[in-house]
Amino acid sequence: MADLLPEKWMKAMAVTTTVLGVVASIASSRSSFYITKSQLYTALEGSQWAYYQAKSIKQDLFATQVKSLQVELLGAITPAQKDQLNQAIQNASKDIVRYAQEKADIKKQAELINKQNALAGQRGSQFSLAIVFAQIGIMLSSVGVLLKQREMWYVGLVFGFISLIFLVNGFLLYF
């Protein structure tokens, strides 16, 4: 009878270690997913800001053109020249307004991507922490079996529980 109790206890440790291995596997998969997603968001955000900068340069070119046309308008002699220059100033001014609107849209998109990136990074870090605590739990449970010490298994269970908290939080983001 005395031999059966330690055997049952060791089976429970083996099951615990297996469950923690599954938790670590799930957390590892999700962590890799969100870390990769965060890298993609970072690249996409950089592209958006480069696009924003290109629009800014074009807008500045049109603003310079308007100033140049305004100076040229001061020296215009005929009414036809004045009309032509005024039309060019109006067209360039419309482009300046258009680029300002496009820049605002690009900025909104880049800021949205930044928020998504932060969320992906937060989820990835939660899953990474779940991996760490699951691995500690696995190690403690394994050593507990080898040394036949229930106390190590109990400590491993605590680390496993912490791992589960981080795993669930990775999906739900409670904290």
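Parameters at a glance
Residues numbered from 1 in each chain as written. Predicted model: local features only at pLDDT ≥ 70, side-chain atom pairs only at ≥ 80, totals over all residues. Heavy atoms only, no water. Core = buried A, V, L, I, M, F, W, Y, C linked by side-chain atoms within 4.5 Å. Buried < 20%, exposed > 50% of the residue type's maximum accessible area, 1.4 Å probe, protein only. Helix = DSSP H or I, 4+ residues; strand = E, 2+ residues; numbered from the N terminus. Contact = heavy atoms within 4.5 Å. Expected span 1.5 Å × (residues − 1). Polar contact = N/O pair within 3.5 Å; in protein donor to acceptor, adjacent residues only side chain to side chain. Patch = residues over 30% accessible without salt bridge, like charges linked within 9 Å, V, L, I, M, F, W, Y side chains within 5 Å. Areas by Shrake-Rupley, 256 points an atom, 1.4 Å probe, with all protein chains shown as cover. Salt bridge = Lys/Arg side-chain N within 4 Å of Asp/Glu carboxyl O.

Draft legend 1. Inspection of the nonpolar core at higher detail. Of all hydrophobic cores here, the largest spans 14 residues; its most connected members are A27, A130 and L167. Listing elements by their share of this core, those giving two or more residues are helix 1 (4-74), helix 2 (79-147) and helix 3 (150-172). Counting residues per element, this core draws most heavily on helix 2, which supplies seven residues. Excluding its chain neighbours within four sequence positions, the residues that come into contact with L167 are V23, I26, A27, F127 and A130. Ranked by size, the runner-up nonpolar core spans six residues in total, among them L69, L85, I89 and A92.

Draft legend 2. The arrangement of helix 2 in detail. Given a rise of 1.5 Å per residue, 69 residues ought to cover 102 Å, and the 101 Å separating the end C-alpha atoms of helix 2 matches this to within 8%. Following helix 2 by one or two positions, K148 adopts a phi angle in the positive range, close to 55°.

Draft legend 3. Molecular detail of helix 3. With 23 residues, helix 3 extends 33 Å from end C-alpha to end C-alpha; this agrees with the ideal 33 Å at 1.5 Å per step. A positive backbone phi angle near 50° is found at L173, which sits one or two residues after helix 3.

Draft legend 4. Main features of the side chain of T16. The topology assignment puts T16 in helix 1. Among the residues examined, T16 registers a relative accessible area of 12% and is labelled buried. Separated by 3.1 Å, the side chains of T16 and W153 make a polar contact.

Draft legend 5. How the structure looks around the environment of T42. Tracing the chain through its elements places T42 in helix 1. Polar side-chain contacts of T42 include one of 3.0 Å to the side chain of N117.

Draft legend 6. Structural view of unusual backbone geometry. Phi at K148 is positive, roughly 55°, even though this residue is not glycine. The phi dihedral of L173 falls on the positive side, at around 50°, and the residue is not glycine. The residue L173 is located in the segment after helix 3 in this model.

Draft legend 7. How the structure looks around a nonpolar patch on the surface. On the surface, V22, I26, F161, I165, V168, F171, L172, Y174 and F175 cluster together to form a nonpolar patch covering roughly 910 Å² of accessible area. Put simply, the parts of the chain that give the nonpolar patch at least two residues each are helix 1 and helix 3. In terms of residue count, the dominant contributor to the nonpolar patch is helix 3 (five residues). Within the secondary structure, I26 sits in helix 1.

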